[in-house]
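So you can see what is in the structure, the chains are spelled out below.
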Amino acid sequence: MSAGGLLRSPALRRAAGGELSGSLWRQAGRRFRRNRAAMISIGVLLVIALTSVLVPAFWPHAVEDASWENILLPPSFENWHWFGTDANGRDQFVRVFYGGRISLTIGLMTTLVALGIGVGYGAVAGFTGGRTDGFMMRFVDILYSLPLLFFIIILVTVFGRNIFLIFVAIGAVEWLTLSRIVRGQTLSVKAKEYVESAVAIGLSKPAILRRYIIPNVVGPVVVYVTLLIPTNILIESYLSFIGLGVQEPLTSWGLLISQAVGQLDTAPWLILFPATFLAITMFCFNFIGDGLRDALDPSHR
């Protein structure tokens, strides 16, 4: 049979559609839905995300409403200060959920940046091969040798402090591991018969990458992305903690924790609530990642 005939054969078309065909994706979905920890984690994350959007919009106290009469009040239901107040008399409840909005947004946006760069870069390197692959991966090795903190300091010094700079800075570093994962998967997929047939009939490299390579690396990428989001949230919290991340009047869980460190003895609630929400979010994303890993790779069950 000719290469064109091979590519048009039903069996090969099913293979070209991806190692996880439609039926396998459905089976993976059923396995994922049976993972109780992952499903509960999704529900908890949805609640946190929804309240982070709604609370700052409808709460009686605004994020920056300060009151000298309400400085360092402990948590109580009186006057709607459920999480207490900070050293400026600002309501901590609304600030925690506003900080959740910023932290979750940074986690998602930086992951999208890393996803866009890492998948494209790794797929091109693995599919092209040869000297191009070697040069591209040596460039990745060089970037790996640069500490993230050093890179952030350079960007802040050159461009100033900006929340969009955090997106770019974290995303521009976190794509490195993702590119290696995609490259390894691409090298495996490139040896498949349907890719060789597509090359034989003269299909362009961008078309092969778009139709056959990238769809077949979705499984490992999805799992890694669910683990990358909490990592990026934690990086943002660390940067805010040392003064290189989110700055007032904005706030985030990391910044709230940083501001509360000096008041652990007198106002422990200031660090308790943002740290708790940060930890819960970390656990939820990790449970979801474990659930996706088990669902997409039954051998891990």
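Refer to the structure presented above.
As the structure is a computational prediction, the values presented were derived from the model and not from experiment.

Draft legend 1. Molecular detail of helix H5 (residues 92–128). Taking 1.5 Å as the rise per residue, H5 with 37 residues should run 54 Å; its terminal C-alpha atoms sit 53 Å apart, in good agreement. Capping the start of H5, Asp91 holds a side-chain oxygen 3.3 Å from the backbone nitrogen of Phe93, two or three residues further along. Of the residues one or two after H5, Gly129 is the one with positive phi, at around 70°.

Draft legend 2. Spotlight on the pattern of salt bridges. Using the criterion set out here, one finds eleven salt bridges in the structure. In this structure, the salt-bridge partner of Arg95 is Glu64, at a minimum N-O distance of 3.3 Å. Of this pair, Arg95 sits in helix H5 while Glu64 sits in the loop between helix H4 (36–58) and H5, and the two are 31 residues apart along the sequence. Taking relative accessible area as the criterion, Arg95 reaches 0% and is therefore assigned buried. With a closest N to O distance of 2.9 Å, Asp141 and Arg138 form a salt bridge. Here Asp141 pairs with Arg138, and both are found in helix H6 (residues 130–144), just three residues apart, close to one helical turn. Connected through salt bridges with shared partners, the residues Glu64, Asp86, Arg90, Arg95 and Glu248 form a single ionic network.

Draft legend 3. Unusual backbone geometry, seen in detail. Cis geometry is adopted by the peptide bond preceding Pro249, which originates at Glu248 and carries an omega value of 10°. The phi torsion at Leu72 lies on the positive side, around 55°, for a residue other than glycine. Note that Leu72 resides in the loop between H4 and H5. On the basis of relative accessibility, which here comes to 28%, the residue Leu72 falls in the partly exposed class. We note that Asn79 has phi near 60°; this positive angle belongs to a residue other than glycine. If you trace the backbone, Asn79 turns up in the loop between H4 and H5.

About the thresholds
- Residues numbered from 1 in each chain as written.
- Predicted model: local features only at pLDDT ≥ 70, side-chain atom pairs only at ≥ 80, totals over all residues.
- Heavy atoms only, no water.
- Helix = DSSP H or I, 4+ residues; strand = E, 2+ residues; numbered from the N terminus.
- Expected span 1.5 Å × (residues − 1).
- Polar contact = N/O pair within 3.5 Å; in protein donor to acceptor, adjacent residues only side chain to side chain.
- Salt bridge = Lys/Arg side-chain N within 4 Å of Asp/Glu carboxyl O.
- Buried < 20%, exposed > 50% of the residue type's maximum accessible area, 1.4 Å probe, protein only.

Fair warning: the whole summary comes from geometry, so function is off the table for now.
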